[in-house]
Amino acid sequence: MLTVESIRKRFAGAEDAPAALDGVSFHVAPGDFFTLLGPSGCGKTTTLQCIAGLEAPDSGRITMGGDVVFCSERRIAVPANRRNLGMVFQSYAIWPHMTVHENVAFPLVHGMRKAASGEVGPRVRRALERVKLDALADRPAPLLSGGQQQRVALARALVHEPRLLLLDEPLSNLDAKLRDQMRVELRQLVKSLGITTVFVTHDQTEAMAMSDRVALMRQGRVVQLGSPRDLFLKPASAFAADFMGRTNMIRGRLVQAGPPAAIATPLGLIGSDGAPGLPAGAEVFAVVRPQAVTVLPDDAPADGLANVFRGRVIAQVFLGDVVEADLAVGEGSLRVLLSPYREAPVGAALTVEIPPAHCVVVPAEER
Ligand SMILES: Nc1ncnc2c1ncn2[C@@H]1O[C@H](COP(=O)(O)OP(=O)(O)OP(=O)(O)O)[C@@H](O)[C@H]1O
Ligand SMILES: [Mg+2]
């Protein structure tokens, strides 16, 4: 549905700075919920604006449903209003002096592609029905909750029946509880409409909860592309491992490239199913999610067993649904998750196992 190929962009007046986009490529399948994820300034909004036609890349190509909408070589740049897109920005840009109906009708009445006057009413009603706001059509916009305003912005983006929906951090100004709820609603809504969506966020939990596929960006590049599960469980770099959620990053040296691989660390020797592409001797991180660590019964034998370690609780945080505990293991430390029903005060001894399949080895570059 959408193909972005090697787009580069350097802003005028920012010639000395690194490029905002440094060869961004990805493909979004029809009907997919696709997310651009990454830290502030990595180029998410710039990418979205290039897709929308609000910014022009310096080079590269963008194709939508078989139509080339931008190509630097062939000097093609289809204007934004002819790309047939819906957009919702972080600030919903809802007009406070208008009702819900008037806000959604705005692009049909005043936009570049005006609708025939007899068509406006039915089309607005259809868009409001899609976001379940038809009952509030006559309400003034300021009398809406944050979540309702968000749906008005969405209805307005959908009123032209776009082939692609672009969403730039649309949930970031909602409070935490509403944001959780809108995540689910927004995903269900666009999936039920079958509309291909490109979503931007810097929040990895949001990206995982909502997306079919995620492009993780850093400094103007896509550094990893995959399902939320792939990114979380199989990070390809220290940056990806760290960005996708809390994790143990255990620094060490690859003593056996394998598979199976073995890493000498301050905790002791850790075995992993593999360290693809890395030579023995490389400085690495063993990436072990706290969720991956198994806590064994107190009487489990430890000594001599591969990937079984004895530790002592040095700190813990009771979070209700789970207890995060830091263990001193060998010369290092390891964060694990415990059941809230398990008593494990500071000083308690625990035996834990790191399954080799869940220990991912990445090069020890800067995170
Ligand atoms: N109009 C502009 N002129 C000059 N530089 C810009 C302009 N817009 C963005 N940039 C720069 O381009 C880079 C990418 O910016 P972009 O807005 O795409 O980041 P982002 O990933 O959306 O970040 P955030 O999460 O903070 O919204 C940044 O270094 C930013 O400072
Ligand atoms: Mg942005």
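Values in this document were obtained by computation on a predicted structure and should not be read as measured data.

Rules used in this analysis
- Every chain is numbered independently, its residues counted from 1 as its sequence is written.
- A letter from A marks each chain and a number from 1 marks each ligand, given out in the order of writing.
- The predicted nature of this model means local features are confined to residues of pLDDT at least 70 and side-chain atom pairs, given and counted, to a pLDDT of 80 or more, with totals for whole chains, interfaces and linings taken over all residues.
- Segments assigned H or I by DSSP are reported as helices when at least four residues long, segments assigned E as strands when at least two residues long, and all are numbered from the N terminus.
- What a helix is expected to span follows from its residue count: subtract one and scale by 1.5 Å.
- Here exposure depends only on C-beta density: within 10 Å of a residue's C-beta, 20 or more other C-beta atoms make it buried, 12 or fewer make it exposed, and intermediate numbers make it partly exposed, the C-beta atoms being placed from the backbone.
- Think of it this way: build a C-beta for each residue from its backbone, and any pair within 7 Å is a contact.
- Should DSSP find at least two bridges between two strands, the strands are regarded as paired.
- Only C-alpha atoms enter the line fits that serve as axes; for helices the fit covers just the stretch in contact. Angles between N-to-C directions range over 0 to 180 degrees.
- In this analysis, residues qualify as near a molecule or strand once their C-beta atom, positioned from backbone atoms, comes within 6 Å of it.
- Nonpolar residues are Ala, Val, Leu, Ile, Met, Phe, Trp, Tyr, Cys and Pro. Charged residues are Asp, Glu, Lys and Arg, and all others, Gly as well, are polar.
- Every angle not falling under 35 degrees, over 145, or within 65 to 115 is termed oblique; those three ranges are roughly parallel, roughly antiparallel and roughly perpendicular.
- The sense of a crossing depends on the near helix, which, turned anticlockwise from the far helix by less than a right angle, makes the crossing left-handed and, turned clockwise, makes it right-handed.
- By definition, the crossover connecting two strands over a helix is right-handed if that path, from the first strand to the second, turns clockwise as seen with the strands pointing away from the viewer.
- Core membership is restricted to buried Ala, Val, Leu, Ile, Met, Phe, Trp, Tyr and Cys residues, and these are joined into a nonpolar core through C-beta atoms within 7 Å.
- Segmentation into domains, and thus their bounds, comes from an automatic or database assignment.

Enquirer: Hey, could you go over helix α5 (residues 176-193) for me, with residue numbers and the actual values?
Expert: Note on helix geometry: an α-helix contains 3.6 residues per turn, so any two residues three or four positions apart are oriented the same way. Helix length check: α5 (18 residues) gives 26 Å between terminal C-alpha atoms against 26 Å at 1.5 Å per residue, within 8%. Taken together, the buried positions of α5 are M182, L186 and V190. Among the structural elements, β3 (33-37), α4 (146-158), β8 (164-168) and β9 (196-201) are those in contact with the buried residues of α5.

Enquirer: Before we move on, can you summarise the sheet that holds strand β1 (residues 2-9) with the specific residues and values?
Expert: Strand order across the open sheet formed by five strands is β2-β1-β4-β5-β6, with antiparallel pairing between neighbours. Each edge of the sheet is formed by a strand with only one pairing partner; in this case those strands are β2 (21-28) and β6 (76-77). Docked against the sheet, helix α1 (residues 44-52) engages β1, β2 and β4 (59-64), running at close to 120° with respect to β1.

Enquirer: Let's hear about the site of ligand 1: which residues, and what values?
Expert: Lining the immediate environment of ligand 1, one finds F11, A14, A20, G38, S40, G41, C42, G43, K44, T45, T46 and H202. Its residues assigned to classes, the shell around ligand 1 shows four nonpolar, seven polar and one charged.

Enquirer: Could you give an account of the packing of helix α2 (residues 100-110) against helix α3 (residues 117-130), with specific residues and numbers?
Expert: Relative orientation of the contacting elements α2 and α3 amounts to 125°, with a least axis distance of 9 Å. Classified by the angle between their axes, α2 and α3 sit oblique to one another. Crossing of α2 against α3: the hand is right-handed. Contacts from H101, V104, A105, L108 and V109 in α2 reach V120, R123, V124, A127 and L128 in α3. Class assignment for the residues of the contact of α2 with α3 results in eight nonpolar, one polar and one charged.

Enquirer: Residues and numbers for the pairing of β8, please.
Expert: With respect to burial, β8 is a largely interior element, five of its five residues being buried. Going residue by residue along β8, you find L164, L166 and D168 tucked away on one face and L165 and L167 tucked away on the opposite face as well. Here strand β7 (residues 85-88) pairs with β8 via four bridges, running parallel. Each bridged residue has a counterpart across the sheet, and for M87 the counterpart in β8 is L166. Bridge count between β8 and β9: five bridges; the pairing is parallel. Directly across from L167, in β9, lies its bridge partner F199. Once you follow β8 into α5 and on to β9, the crossover reads as right-handed.

Enquirer: Can you explain the nonpolar core? Please cite residues and give values.
Expert: Among the nonpolar cores identified, the biggest contains 93 residues, and V104, A155, L166, V198, L216, A286 and V361 are the most heavily contacted of them. Looking at this core element by element, the count peaks at six residues for α4. Composition of this core by domain shows at least three residues from each of domain 1 (2-233) and domain 2 (238-363). If near-sequence neighbours (up to four positions away) are discounted, L166 is found in contact with L48, I51, A52, L85, M87 and V198.

Enquirer: Go over the sheet that holds strand β15 (residues 283-288) with me, naming the residues and quoting the values.
Expert: Strand order in the open sheet formed by five strands is β14-β13-β12-β15-β21, and the pairing between neighbours is antiparallel. Each of the sheet's edge strands pairs with one partner strand only, and the pair in question is β14 (268-272) and β21 (360-363). Ignoring which end each strand starts from, the neighbouring axes of this sheet average 45° apart. Pairing of β15 with β21 involves four bridges; the strand directions are antiparallel. Each bridged residue has a counterpart across the sheet, and for F285 the counterpart in β21 is V362.

Enquirer: Tell me about unusual backbone geometry, and name the residues and values.
Expert: Look at N84: it is not a glycine, yet its phi comes out positive at around 60°. Looking at where N84 falls in the secondary structure, it is placed in the loop between β6 and β7. The class for N84 is partly exposed, based on 17 C-beta atoms found within 10 Å.

Enquirer: Tell me about the environment of I354, and name the residues and values.
Expert: Positionally, I354 belongs in the loop between β20 (349-353) and β21. When near neighbours in sequence (up to four residues on either side) are disregarded, I354 contacts I270, V288, A292, V293, N307 and C359.

Enquirer: Residues and numbers for the domain arrangement of the protein, please.
Expert: According to the domain assignment, the protein consists of domain 1 (2-233) and domain 2 (238-363). For domain 1 and domain 2, the distance between their C-alpha centroids amounts to 39 Å. Facing seven residues of domain 1, the contacting portion of domain 2 comprises five residues. Listed by contribution, the elements that provide at least two residues to the side of domain 1 that touches domain 2 are β10 (213-218), β11 (221-226) and α7 (228-233). Counted by class, the side of domain 1 that touches domain 2 contains four nonpolar, two polar and one charged residues.

Enquirer: I'd like to hear about the pairing of β1, residue by residue, with values.
Expert: Bridging between β1 and β4 involves five bridges; their strand directions are antiparallel. When the sheet's bridge partners are listed, V4 is paired in β4 with I62. For β1 and β2, the ladder comprises six bridges, and the chain directions are antiparallel. Within β2, the position partnered with K9 by the bridge is L21.

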